[in-house]
Structures are given as structure tokens and as C-alpha cells.
Amino acid sequence: PWSAGTAAMFLEDSTATDAGAAGETVFARGGPGAVSDALLAAARAAGAEVRTAAEVTSVSSHDGRVSGVVLAGGEALPARAVVAGIDPKR
């Protein structure tokens, strides 16, 4: 939280794997959106279903593990894994 930029850029900077000096800033060709697009394409290629702007009303669990989500419209989506950008204040 004390560093400027996105978390992705901070992680990229801290790994020092960009063939430059540690802490050297690197930029993705196409901008930050290109990184998101690449992650989306990789997830879909691996069989993930990606939904954006889907209001989740609850996270389902079974035997202490996440088993899916329920959307605002009542649709239950079972899943082996759930990745979410959750707003902890809602």
C-alpha cells in the first residue's frame, strides 16, 4: 500500500526477472489491459468460466471448502475453485 502503481507492477518489480536491475520498472506492451486480457485468455483456455459484473449474494461451501457461488438472480454456480475481487464492506 505504500508503493505507487498496481499490485501486478509491484510484483513484477520485486521479482527482478526482467533482465534489468532489481526494482527496474517494466511495462506490458499494450498497457495494463493487455495483461488482464492475457490472463483472461489463459483462464478460458484452461476451461474457466469468467463472468464480470455478476453480483454474488453468497459463497457456497461443503465440508469447509468453497463449492461455488449464488448470484443475485438465484443462479447457483458450482465450482472447484472461485476467484473473486470481493468488496469486504458489502
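Residues numbered from 1 in each chain as written. Predicted model: local features only at pLDDT ≥ 70, side-chain atom pairs only at ≥ 80, totals over all residues. Heavy atoms only, no water.

1. Notes on the overall build of the protein
Logical step 1: Summing up its helical and strand segments, the protein has two helices and three strands in all.
Logical step 2: Order of helices (α) and strands (β) in the protein, N terminus to C terminus: α-α-β-β-β.
Logical step 3: When each of the 90 residues of the protein is scored for burial, the buried share is 7%.
Logical step 4: Pairs at least 24 residues apart make up 4% of the contacts formed inside the protein by residues separated by at least 6 positions.
Logical step 5: Here the protein displays about 7600 Å² of accessible surface, and carbon together with sulfur accounts for 58% of that area. (Helix = DSSP H or I, 4+ residues; strand = E, 2+ residues; numbered from the N terminus. Buried < 20%, exposed > 50% of the residue type's maximum accessible area, 1.4 Å probe, protein only. Contact = heavy atoms within 4.5 Å. Areas by Shrake-Rupley, 256 points an atom, 1.4 Å probe, with all protein chains shown as cover.)

2. Details of helix 2 (residues 32–45)
Logical step 1: Taking 1.5 Å of rise per residue, the 14 residues of helix 2 would be expected to cover 20 Å, and the 20 Å separating its terminal C-alpha atoms lies within 8% of that figure.
Logical step 2: The first or second residue beyond helix 2 is Gly 47, which carries a positive phi of 100°. (Expected span 1.5 Å × (residues − 1).)

3. Things to note about the confidence of the model for the protein
Logical step 1: Averaged over every residue, the pLDDT of the protein is 81; the share at 70 or more is 69%.
Logical step 2: Within the protein, the element-level pLDDT minimum falls on helix 1 (residues 7–15), averaging 65, and the maximum on strand 3 (residues 76–78), averaging 95. (pLDDT = per-residue confidence, 0-100.)

4. Digging into the sheet that holds strand 3
Logical step 1: Spatially, three strands are ordered 1-2-3 in an open sheet, and the strand pairing comes out antiparallel. Two strands close off the open sheet at either side, each with one partner strand: strand 1 (56–62) and strand 3. Across the sheet, the mean angle separating the axes of adjacent strands is 30° when strand polarity is ignored.
Logical step 2: Relative to strand 2 (residues 65–71), strand 1 runs antiparallel, the two sharing six bridges. Each residue of the ladder has a partner; that of His 62, found in strand 2, is Arg 65. (Pairing = 2+ DSSP bridges. Axes fitted to C-alpha atoms, helices over the stretch in contact; angles between N-to-C directions.)

5. Observations concerning the pairing of strand 2
A regular strand places its side chains so that they alternate between the two faces of the sheet.
Logical step 1: The loop that links strand 1 with its antiparallel partner strand 2 comprises two residues; one of these, Asp 63, has a positive phi angle of about 55°.
Logical step 2: Taking the residues between adjacent antiparallel strands as the criterion, strand 2 and strand 3 are bridged by four residues, where Gly 74 takes a positive phi near 95°.

6. Observations concerning the environment of Ala 54
Logical step 1: Note that Ala 54 resides in the loop between helix 2 and strand 1.
Logical step 2: On the basis of relative accessibility, which here comes to 34%, the residue Ala 54 falls in the partly exposed class.
Logical step 3: A C-alpha to C-alpha distance of 9.4 Å links Ala 54 and Gly 73, two positions 19 residues apart in sequence.

7. Quick notes on a nonpolar patch on the surface
Logical step 1: Nonpolar side chains collect at one region of the surface, where Val 56, Val 59, Val 66 and Val 82 lie side by side and expose about 290 Å² of accessible area between them.
Logical step 2: For Val 59, the location among the structural elements is in strand 1. (Patch = residues over 30% accessible without salt bridge, like charges linked within 9 Å, V, L, I, M, F, W, Y side chains within 5 Å. Salt bridge = Lys/Arg side-chain N within 4 Å of Asp/Glu carboxyl O.)

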